[in-house]
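Observations on chain architecture
In case you want the letters, here they are:
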Amino acid sequence: MLDHPRQSSGPRGQSSGAPARRFSRTPRHKVPGSSPAPRHEGGGSHYSSGRSFQNSGRRSSGGGGSRSGGGRFNKRADMSRFINTGKENSAPAAPVVITNKFEDFLIEPQLKAAILAKGFNTPTAIQDQSIPHSLLGHDVVGIADTGSGKTGAFLIPLINKALLDHSQHVLIMVPTRELAQQIQEEFRSLTKKTDLESVVCVGGMPIYRQITQLRHGPAFVIGTPGRLKDLIERGVLKLSKCQNVVLDEADRMLDMGFINDMRVVLALLPPTRQTLFFSATMSREVEKLVGEFLNNPIRVSVKTGDTSKDITQDVVRVPPGKTKLEVLHDLLVQPAFNKVLIFGRTKHGVERLADMLVDKGFKAESIHGNKTQGKRQRALDLFRKDHVQILVATDVAARGLDITGVSHVINYELPGSDEDYIHRIGRTGRAGKKGIALTFVD
Ligand code: AMP
């Protein structure tokens with residue numbers, strides 16, 4: 001019965017006649033920094049008054065640690081990427097028209113109730129445009145900004161499918177442990193009144209517990225490529241009957257070098273399956289993956305630009321006579337900086353900065369790859385629940401995190417690439433809220 005998954009979730013009268021192939025796009029914003037490198041010193045900044053940044057008129061060398069190369073930051077021209085105040089791109093975007101309501105989706109009543117209980121009243125753009133196709137059983141490629149509701153976009157149709165047909169299994173592959181856990185939380189909140197189960201299979205957590213949980217045959221397996229491959233090799237994770245797969249943040253998985261593990265895992269799935277593929281960016285490598293693993297997918301893009309319109313971006317300069325840490329301190333004591341995610345480049349540097357902030361009397365935690373998963377989760381929880389004001393993080397540790405109400409993202413050290421920058425600042429300005437991203441250039 002699983003040979004025809006395209007029919008199994010069935011049209012059920014759902015949003016008729018999806019075109020065989022579509023690429024819908026909301027109007028693009030002007031991409032920050034796409035105009036000829038504005039100097040932008042002293043003008044338009046929200047942060048230039050009296051403090052030590054954005055107004056010194058000093059020429060910057062683009063910040064220490066910048067790299068060169070494709071997609072990498074290099075030299076002064078790149079600085080405009082960190083500023084969007086007073087630029088055309090803050091002009092209002094053409095409104096996104098949402099055509100569906102959750103009430104109208106032909107999904108099971110308990111799922112509909114769970115969606116509404118979560119306070120989701122209207123689908124986000126990516127949900128609005130992709131769910132009707134996913135419910136019809138099509139493969140979907142969704143290109144959407146981080147924080148745009150991608151998780152619901154794939155969980156809602158697949159939970160519905162599993163509710164209708166208990167033999168359905170779903171594999172969700174993601175780049176990081178934290179993202180896997182976040183997806184499981186969203187899954188649990190959407191399946192409260194059902195008997196659907198899930199397991200998170202990620203590195204850094206005891207494998208034997210995951211093996212035990214897998215033996216119960218949960219409908220949803222959420223994991224990172226390396227651990228999934230490990231479990232396959234141990235003969236515990238069998239994918240020959242897994243008729244649905246989600247690749248979330250596919251571009252990040254490629255960036256993180258998971259391509260071989262991904263191929264191993266995907267090759268074991270049955271050829272007749274439904275594949276939902278989400279990525280914040282579409283590169284040639286990502287397109288290659290789509291060609292390799294998806295079957296005539298519907299394409300949906302709701303990107304409004306490289307960065308969310310809800311994020312104000314600016315640079316911070318360290319004036320002569322002050323240290324970087326002092327400037328950071330001056331920012332963090334301001335009341336508006338109530339939930340601040342600070343990025344550094346190295347595990348050691350991140351740990352040290354968190355210690356120094358604690359010494360200065362701030363409530364700060366750190367999250368990086370040298371910490372055990374338990375400690376990372378604890379730091380994250382403290383930050384999530386507002387028990388600490390500051391979380392200092394490396395890129396890898398913070399990828400894909402969805403934390404409500406981050407007021408500021410501070411790039412204390414420059415990100416390695418455009419993509420890292422977009423991912424970092426995407427931790428603020430989420431779900432329609434405003435956010436501020438500040439980048440130190442010294
Ligand atoms: P995601 O991009 O999936 O990480 O979602 C970003 C945030 O938006 C999460 O906090 C979600 O719970 C929230 N969210 C997702 N869909 C909706 C919706 N339809 N209405 C309101 N909030 C949503």
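Here the structure is a predicted model, which is why all the values come from computation and not from measurement.

Procedures and definitions
For every chain, the first residue of the written sequence is number 1, and numbering continues from 1 along that sequence. Restriction of local features to residues with pLDDT of at least 70 applies here, the model being predicted, together with a cutoff of 80 or more for giving and counting side-chain atom pairs; totals for whole chains, interfaces and linings are based on all residues. Neither water nor hydrogens contribute to the side-chain values; these are computed over all heavy atoms in the structure. Helix numbering and strand numbering both begin at the N terminus, where a helix is a DSSP run of H or I of at least 4 residues and a strand a DSSP run of E of at least 2. Summary of the burial criterion: residues with accessible area below 20% of their type's maximum are buried, those above 50% are exposed, and those between are partly exposed, where the area comes from a 1.4 Å probe applied to protein chains only. The contact criterion used is simple: two residues touch if any of their non-hydrogen atoms lie within 4.5 Å. Using the Shrake-Rupley algorithm and a 1.4 Å probe, accessible areas are obtained, with residue cover drawn only from the displayed protein chains. Each residue carries a pLDDT score, the predictor's confidence in it, ranging from 0 to 100. The rule for pairing is simple: two strands pair if DSSP sees at least two bridges between them. Note on geometry: axes are C-alpha line fits, over the in-contact stretch for helices, and angles between N-to-C directions span 0 to 180 degrees. Here roughly perpendicular refers to angles of 65 to 115 degrees, roughly parallel to angles under 35, roughly antiparallel to angles over 145, and oblique to all remaining angles. Should the near helix be turned anticlockwise from the far one by less than a right angle, the crossing is termed left-handed; should it be turned clockwise, right-handed. Viewed with both strands pointing away, a crossover whose connecting path from the first strand over the helix to the second turns clockwise is right-handed. One heavy atom within 4 Å of a molecule or strand makes the whole residue count as near it. Polar contact criterion, stated in full: a pair of N or O atoms within 3.5 Å, where within protein one must be able to donate a hydrogen and the other to accept it, and residues adjacent in sequence count only if both atoms are side-chain atoms. As used here, the term nonpolar core means buried Ala, Val, Leu, Ile, Met, Phe, Trp, Tyr and Cys residues forming a set that is joined through side-chain atoms within 4.5 Å. Any carboxyl oxygen of Asp or Glu within 4 Å of a side-chain nitrogen of Lys or Arg constitutes a salt bridge here. When the centres of two rings from Phe, Tyr and Trp lie within 6.5 Å, Trp using its six-membered ring, the rings pair. Their planes under 30 degrees apart give stacked, over 60 give edge-to-face, and anything left gives tilted.

Another point: the overall build of the protein. Across its full length, the protein holds 15 helices and 14 strands. The 442 residues of the protein split such that 57% are buried. When contacts within the protein are restricted to residue pairs at least 6 apart in sequence, long-range pairs at least 24 apart make up 76% of them. About 18,400 Å² of surface is accessible on the protein, with carbon and sulfur atoms providing 51% of the total.

Turning to the confidence of the model for the protein, a few remarks are in order. Across the protein, the average pLDDT comes to 80, with 76% of residues at or above 70. Across residues 1-71 the pLDDT falls below 50, and counting only partners more than four positions away or on other chains, this stretch makes 183 contacts in the model. Considering only residues more than four positions removed or in separate chains, one finds that residues 86-94, a stretch of pLDDT under 50, has 14 contacts.

Going residue by residue along strand 10 (residues 340-343), you find Val340 and Ile342 tucked away on one face and Leu341 and Phe343 tucked away on the opposite face as well. In this structure, strand 10 lies alongside strand 13 (residues 408-411), joined through 4 bridges in parallel fashion. Each residue of the ladder has a partner; that of Ile342, found in strand 13, is Ile410.

The subject of this paragraph is helix 11 (residues 324-332). Every α-helix winds through 3.6 residues per turn, so residues three or four apart in the chain are directed the same way. Burial in helix 11 covers these residues: Leu325, Val327, Leu328, Asp330, Leu331 and Leu332. Next to the buried residues of helix 11 lie strand 9 (311-317), strand 10, helix 12 (347-359), strand 12 (390-393), strand 13 and strand 14 (435-441).

Moving on to the packing of helix 5 (residues 177-190) against helix 13 (residues 373-384). One way to put it is that helix 5 packs onto helix 13 with a least axis distance of 11 Å and a crossing angle of 60°. For the element pair helix 5 / helix 13, the angle class is oblique. Relative to helix 13, helix 5 is oriented so that their crossing is right-handed. Listed contacts from helix 13 to Arg177, Glu178, Gln181 and Gln182 of helix 5 are Gln373, Arg376, Gln377, Leu380 and Arg384.

Another point: the pairing of strand 11 (residues 364-367). Going residue by residue along strand 11, you find Ala364 and Ser366 tucked away on one face and Glu365 and Ile367 tucked away on the opposite face as well. Tracing the backbone out of strand 11, into helix 13 and back to the parallel element strand 12 gives a crossover that is right-handed.

Strands sit in the order 9-14-13-10-12-11 across an open sheet of 6 strands; the sheet is parallel. Edge positions in the sheet fall to strand 9 and strand 11, since each of these pairs with one other strand and no more. The mean angle between the axes of side-by-side strands here comes to 20°, regardless of whether they run parallel or antiparallel. Along the sheet, helix 13 makes contact with strand 10, strand 11 and strand 12, crossing strand 11 at roughly 140°.

Our next topic: the site of the ligand. Surveying the vicinity of the ligand reveals 15 residues, the closest of which are Thr122, Gln127, Gly149, Thr151 and Asp402. Here Thr122 contributes a backbone N or O atom positioned 2.8 Å from a nitrogen atom of the ligand. Within the backbone of Lys150, one N or O atom sits 3.3 Å away from an oxygen atom of the ligand. In the complex, 81% of the free accessible area of the ligand, which totals 490 Å², lies under the protein chains.

Membership of the largest hydrophobic core comes to 40 residues, with the highest contact counts inside it found for Leu155, Ile159, Ile172 and Phe220. The set of elements that each furnish at least two residues to this core consists of helix 2 (109-117), helix 3 (125-135), helix 4 (150-164), strand 3 (170-173), helix 5, strand 5 (220-223), strand 7 (274-279) and strand 8 (298-301). Sorting elements by how many residues they give to this core places helix 4 first, with 8 residues. Setting aside its immediate chain neighbours within four residues, Phe220 contacts Leu155, Leu158, Ile159, Ala162, Val170, Ile172, Phe187, Glu197, Ser198 and Val199.

A few words on the pattern of salt bridges. By the definition in use, this model includes 15 salt bridges. One salt bridge in this structure joins Arg299 and Glu287, with 2.7 Å as the shortest N-O distance. Placement of Arg299 in strand 8 and of Glu287 in helix 10 (residues 284-293) is noted, with a sequence separation of 12 residues between them. Note on Glu287: relative accessible area 30%, which makes it partly exposed. Note that Asp395 and Arg424 form a salt bridge whose closest N and O atoms lie 2.7 Å from each other. In this pair, Asp395 is assigned in helix 14 (residues 395-398) and Arg424 in helix 15 (residues 418-425), connecting sequence segments 29 residues apart. Residue class for Arg424 comes out buried when judged on its relative accessible area of 1%.

All told, the structure shown has 4 aromatic pairs when counted by the stated rule. Ring geometry for Phe187 and Phe220: centres 4.6 Å apart, planes at 45°, overall tilted. Pair noted here: Phe187 is in helix 5 and Phe220 is in strand 5, with a separation of 33 residues, a long-range link. Accessibility classification places Phe187 together with Phe220 in one group, the buried group.

For Asn296, which is not glycine, the phi dihedral falls at a positive 45°. Note that Asn296 resides in the loop between helix 10 and strand 8. Phi is positive for Asp386, which is not a glycine, with a value near 65°. One can find Asp386 in the loop between helix 13 and strand 12. For Asp386, a relative accessible area of 52% translates into the label exposed.

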